[in-house]
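# Secondary and tertiary structure notes
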Amino acid sequence: MELRQLQYFVTVAQHGSFTRAAELLHLSQPGVSAQIRRLERELGHPLLDRSGRAVRLTQVGEAVLPHAQAALAAASAARQTAREFGGLRRGHVRLGMVAGAALTPPSALGSFPGLATTLAAFRQEHPGIDFSLAEDTTGRMLAALREGQLDLAVIGLPTTASGREGDDGWTALTGLALHTVLDVPLVAVCAEDHPLSTASDGPLPVAALAGHALVGTPRGTGLRTALEVALAEAGTTPMVAVEAAAPPQLAELVAHGLGVALLPDPGPVAGLRVRQLSDPVPRVRIALAWPAGRRPPAPTAALLDHLRAAYPGPDDRVSRA
């Protein structure tokens, strides 16, 4: 019994015609008929009734058909698995990253590799897989994921609200699978001689930031969204005087007296004062995102597994669809 004989039998059964089956299989009709007769002789029973205008299954043919289909599906799955292993030898992954998200948490969380370190380790395991990095806002990367321009992205998750009427912040993530990487509170960082450095004891109310120049990341990034939402909940709006792409740049600008920044706790830094925040406590959430509902290509799946292992996050995968 050969797979091609099962394929010919299934195709004729599906279309009720040797002629149509031969056309679809790009074979001659006598060739298809001869192979099915060999299959019938091997099984000891006719599988097809050829007496009418349309070819029909015999009782034995009806019983054999599901097994033939299952055998063909198993063979196809085996070929696909082999191709995927071959695909791991070579491939390309397009990875997007929200501006400023180096996947490096506050020092309090301990050992946590940066993205460059993690990608280097992946490259050692899979030297034939290349990747490209694109830095952009979360909104544009979500669109790129849906349009097939990105395979995987590091995005900023919404907080309690996205700022759009009728949208709780999760609506924009419909159709994507997520793995939360970071979920940490933000603190206010200012220069040691800034008025907020010694304004009061204890946590600093977010409303106290009103009227002070702020240093923040561009709109559409996780840090900027967390800043805007926290101030909105406190009944005020941010006055961002200087923008920079990454937290280390923000901290440097703050040290030079250009404003106050909301960052994950950087730990002790010379020249800077860290103030805990309250009412509310703003948080930044970073996640890996990829299209849900379809299996990613082998190179993308390999990188995704590697990143999820390197960044287990505060909880297991979160999916919203």
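First things first, this report covers the structure right here in the doc. Since this is a predicted model, take the numbers as computed values, not measurements.

Looking now at the packing of aromatic side chains. Scanning the entire structure with this criterion turns up one aromatic pair. A ring pair is formed by F122 and F131, whose centres lie 6.4 Å apart and whose planes are at 50 degrees; its orientation type is tilted. Taking the relative accessible area as the measure of exposure, F122 reaches 0% and is therefore buried. Given the relative accessible area of 24%, F131 is considered partly exposed.

Right, let's talk about the pattern of salt bridges for a bit. What the rule picks out here adds up to 10 salt bridges. Among the salt bridges present, the one from R123 reaches D130, with a minimum N-O distance of 3.2 Å. Residue D130 is classed as partly exposed on the basis of its relative accessible area of 36%. Across the pair D183 and R285 runs a salt bridge whose closest N-O atoms are separated by 3.4 Å. Of this pair, D183 sits in strand β6 (residues 176–191) while R285 sits in strand β13 (residues 283–291); the two residues are 102 residues apart in sequence, bridging distant segments of the chain. With relative accessibility at 27%, the residue D183 sits in the partly exposed group. On the basis of relative accessibility, which here comes to 23%, the residue R285 falls in the partly exposed class. Overlapping salt bridges, with partners in common, bring together D183, R283 and R285 in one network.

A few words on the nonpolar core. One finds I155 and L209 to be the most contacted residues of the largest nonpolar core, which totals 62 residues. Ranked by the residues each element gives to this core, the list is headed by β6, at 11 residues. Dropping the residues within four chain positions of it, L209 is found in contact with L196, L204, L214, L231, V260 and L262. Grouped together as the second largest cluster of nonpolar side chains are 17 residues, F9, A21, L39 and L48 included.

Relative to strand β4 (residues 129–136), strand β3 (residues 91–98) runs parallel, the two being bridged by eight bridges. Opposite L95, over in β4, you have L133 as the bridge partner. Pairing of β3 with strand β5 (residues 152–156), which is carried by three bridges, proceeds in the parallel orientation. Residue G96 lies in a different strand from β5, and its bridge partner there is A153.

Where helix α5 (residues 115–125) meets helix α9 (residues 298–310), the axes come as close as 10 Å, and the angle between the chain directions of the two elements is 130 degrees. As the angle between them shows, α5 and α9 are arranged oblique. When you trace α5 past α9, the crossing you get is right-handed. Contacts from L115, T118, L119, A121, F122 and E125 of α5 reach α9 at P299, A302, L303, H306, L307 and A310. In the contact of α5 with α9, the residues fall into nine nonpolar, two polar and one charged.

Right, let's get into the packing of helix α1 (residues 3–15) against helix α3 (residues 29–43). Here α1 crosses α3 at 110 degrees, and the two axes come no closer than 9 Å. Relative to α3, α1 is oriented roughly perpendicular. Where α1 abuts α3, its residues R4, Q5, L6, Y8, F9 and V12 lie against V32, Q35, I36, R38, L39 and E42. For the contact of α1 with α3, a count of residues per class yields seven nonpolar, two polar and three charged.

Reading the values: the criteria
Residues numbered from 1 in each chain as written. Predicted model: local features only at pLDDT ≥ 70, side-chain atom pairs only at ≥ 80, totals over all residues. Heavy atoms only, no water. Phe/Tyr/Trp six-rings, centres within 6.5 Å; stacked < 30°, edge-to-face > 60°. Buried < 20%, exposed > 50% of the residue type's maximum accessible area, 1.4 Å probe, protein only. Salt bridge = Lys/Arg side-chain N within 4 Å of Asp/Glu carboxyl O. Helix = DSSP H or I, 4+ residues; strand = E, 2+ residues; numbered from the N terminus. Core = buried A, V, L, I, M, F, W, Y, C linked by side-chain atoms within 4.5 Å. Contact = heavy atoms within 4.5 Å. Pairing = 2+ DSSP bridges. Axes fitted to C-alpha atoms, helices over the stretch in contact; angles between N-to-C directions. Parallel < 35°, antiparallel > 145°, perpendicular 65-115°, else oblique. Left-handed = near helix turned anticlockwise from the far one by under 90°. Nonpolar A, V, L, I, M, F, W, Y, C, P; charged D, E, K, R; others polar.

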